[in-house]
Amino acid sequence: MTTISASTSLPHPQWAVSTADEYTQILQQPKDGLAIVATGSEQGLLNLRGVDAATGQVKWAVDNAFYANKPPTVGPDGDLYGQNLQGNGIEVRDGKTGQVIRSMPEPDIAMYTGVTSGKNLYVGAANPTEVGVWALDPSSGQEKWHKALHYMSGITPTEVGGSVMCENGSDLWALDPDTGTLKWSFQAEHGVNQPPVLGPDGTLYVIDHNSTVYALDSKNAQGEVKPKWTNHLDMPVKNPDQVNNLDVSQPLVFTPQGLVVAATGQSVRLLDAATGQQKWEDQLPIDSPAVAGANGQVYVGNGEGISQFNPADGSTAYWQATFEAPPAGQAPANIIAPFGVGKLAGFQ
């Protein structure tokens with residue numbers, strides 16, 4: 001990695017580094033001084049990097065660890081769970097070193113998606129007769145239950161707000177994490193783009209392939225759920241015919257001021273969480289996922305730097321990267337934001 005320092009423009013990062021890969025994905029924001037980052041390789045494989053939150057330097061590295069289209073998850077124990085490269089089991093890697101600590105046999109299924117963690121490990125997969133969601137024991141990898149679906153395009157089932165959220169054709173299904181029983185469903189007009197985002201009051205926010213945002217009351221949900229509000233944003237979000245070809249960088253980010261929608265190459269918008277009405281929009285060429293910091297600010301990659309948004313009023317500060325050594329004695333970062341091609345910056 002190459003070190004980068006900031007100009008005098010705000011926001012000023014604690015550090016910034018550049019990888020040699022085409023893209024980066026934050027698997028774990030800084031925890032106990034360590035962030036876990038996945039970077040893309042030419043072979044369609046993921047390289048894993050343990051990044052020191054104080055300096056941005058790599059503490060450990062593993063190349064060609066998992067398939068890029070089936071990313072791993074960081075479990076509650078801090079370890080990484082993902083399909084092995086042979087496709088015949090789940091590999092568990094130590095989150096502190098990146099080394100394999102155990103392998104688990106999986107049921108006789110073909111995994112379509114990455115793995116996520118909650119009460120169980122969850123994966124979208126298929127056996128010879130059906131496609132669906134499989135819940136696996138985190139220790140053994142053995143099947144605990146599975147739920148047949150009509151169709152899924154590759155979005156990984158995810159436990160959100162006490163339910164396992166998965167796509168089933170154009171529907172969003174909420175499954176009981178203990179049994180796999182269907183709790184409720186929601187029919188999005190153009191399918192589901194990403195797993196929903198949970199607000200503090202139990203509202204789930206969902207975005208579809210046609211850039212319509214829906215607010216769902218998950219606390220009182222049963223049967224077929226109707227939205228509390230909808231807002232069509234009139235911007236392309238994802239090509240339904242091209243799985244994993246996202247036009248949105250981390251589509252929805254919840255903040256106390258409202259729901260942030262960041263569309264790659266287009267704009268950042270803030271929606272009122274209670275009504276769905278747009279509060280503000282800032283048009284700029286976004287190129288990386290949006291992340292929310294502990295300071296209440298939202299960071300998005302913007303060309304060769306990062307834009308910091310204040311959700312309260314939409315005001316923006318921009319940091320332009322330059323390739324110089326950073327100052328010594330910086331405090332550890334508590335949020336990492338990707339930008340440009342394979343670059344990362346750490347902020348407090």
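Residues numbered from 1 in each chain as written. Predicted model: local features only at pLDDT ≥ 70, side-chain atom pairs only at ≥ 80, totals over all residues. Heavy atoms only, no water.

Here we look at the confidence of the model for the protein
- Considering every residue of the protein, the mean pLDDT works out to 81; 86% of them sit at 70 or more.
- Low pLDDT, under 50, characterises residues 1–8; the predicted model gives this stretch 42 contacts beyond four residues in sequence or across chains.
- Every residue in residues 237–249 is under pLDDT 50, and counting partners more than four places away or in other chains gives 38 contacts. (pLDDT = per-residue confidence, 0-100. Contact = heavy atoms within 4.5 Å.)

Some thoughts on the packing of aromatic side chains
- A complete count under the given rule lists 8 aromatic pairs for this structure.
- Geometrically, the ring pair formed by Tyr205 and Trp229 is tilted, given 6.1 Å between the ring centres and 40 degrees between the ring planes. Of the two residues, Tyr205 sits in strand β20 (residues 203–207) while Trp229 sits in strand β23 (residues 229–232), which places them 24 residues apart along the sequence.
- Trp229 sits in the buried class, given a relative accessible area of 7%.
- Ring geometry for Trp280 against Phe309: centres 5.9 Å apart, planes inclined by 10 degrees, an arrangement best described as stacked. Placement of Trp280 in strand β27 (residues 278–283) and of Phe309 in strand β30 (residues 305–309) is noted, with a sequence separation of 29 residues between them. The exposure classification of Trp280 matches that of Phe309, with both residues buried.
- Taken together, the ring pairs in this structure connect Tyr299, Trp319, Phe339 and Phe347 into an aromatic cluster.
- In this structure, Arg93 is placed above the aromatic ring of Phe66, and the distance from its NZ or CZ to the ring centre is 5.8 Å. (Phe/Tyr/Trp six-rings, centres within 6.5 Å; stacked < 30°, edge-to-face > 60°. Helix = DSSP H or I, 4+ residues; strand = E, 2+ residues; numbered from the N terminus. Buried < 20%, exposed > 50% of the residue type's maximum accessible area, 1.4 Å probe, protein only. Lys NZ or Arg CZ within 6 Å of the ring centre and 35° of its normal.)

Topic: empty space enclosed by the protein
- Applying the stated criterion across every chain, the model contains 2 cavities of 30 Å³ or more.
- One number sums up the size of the largest cavity: a volume of about 50 Å³.
- Considering the residues around the largest cavity, the lining is formed by Ile155, Thr156, Met165, Cys166, Glu167, Leu172, Val192, Gln194, Pro195 and Pro196.
- If one sorts the elements of the lining of the largest cavity by residue count, strand β16 (residues 163–168) sits on top with 3 residues.
- Residues of the lining of the largest cavity, tallied by class, amount to 7 nonpolar, 2 polar and 1 charged. (1 Å grid on protein atoms, 1.4 Å probe; cavity = no way out; pocket = protein on both sides within 12 Å on 5 of 7 lines; lining within 4 Å. Points joined across faces, edges and corners; volume = space filled by probe spheres on them. Nonpolar A, V, L, I, M, F, W, Y, C, P; charged D, E, K, R; others polar.)

Brief notes about the environment of Gln266
- By secondary structure assignment, the location of Gln266 is in the loop between β25 (258–263) and β26 (267–271).
- Gln266 gets classed as partly exposed once you look at its relative accessible area, which sits at 25%.
- Gln266 sits 19 residues away from Pro285 along the chain, and the two C-alpha atoms are 5.5 Å apart.

Details of the pattern of salt bridges
- Taken as a whole and judged by the stated rule, the model has 5 salt bridges.
- Among the salt bridges present, the one from Lys119 reaches Asp178, with a minimum N-O distance of 3.5 Å. With Lys119 in the loop between β11 (110–117) and β12 (121–126) and Asp178 in the loop between β17 (171–175) and β18 (182–187), this pair connects stretches of sequence that are 59 residues apart.
- By relative accessible area, Lys119 is classed as partly exposed at 48%.
- A salt bridge links Glu281 to Arg269; the shortest N-O distance between them is 3.4 Å. Highlighted residues: Glu281 in strand β27 and Arg269 in strand β26, separated in sequence by 12 residues. (Salt bridge = Lys/Arg side-chain N within 4 Å of Asp/Glu carboxyl O.)

Let's talk about the layout of surface pockets
- When its volume is computed, the second largest pocket comes out at roughly 190 Å³.
- Taken together, Gln28, Lys31, Asp32, Leu34, Ile36, Asp77, Gly78, Asp79, Asp94, Gly95 and Lys96 make up the full set of residues lining the second largest pocket.
- Residue assignment for the lining of the second largest pocket shows that the elements contributing at least two residues are β3 (24–31) and β4 (34–40).
- In terms of residue class, the lining of the second largest pocket is made up of 2 nonpolar, 3 polar and 6 charged.

Here's the deal with the environment of Glu281
- The partly exposed category is assigned to Glu281, whose relative accessible area is 33%.
- When the C-alpha atoms of Glu281 and Arg269 are compared, they prove to be 4.3 Å apart, with 12 residues separating the residues in sequence.
- A polar atom in the side chain of Glu281 sits 3.1 Å from the side chain of Ser267.
- Within the structure, the side chain of Glu281 is placed 3.4 Å from the side chain of Arg269, a separation counted as a polar contact. (Polar contact = N/O pair within 3.5 Å; in protein donor to acceptor, adjacent residues only side chain to side chain.)

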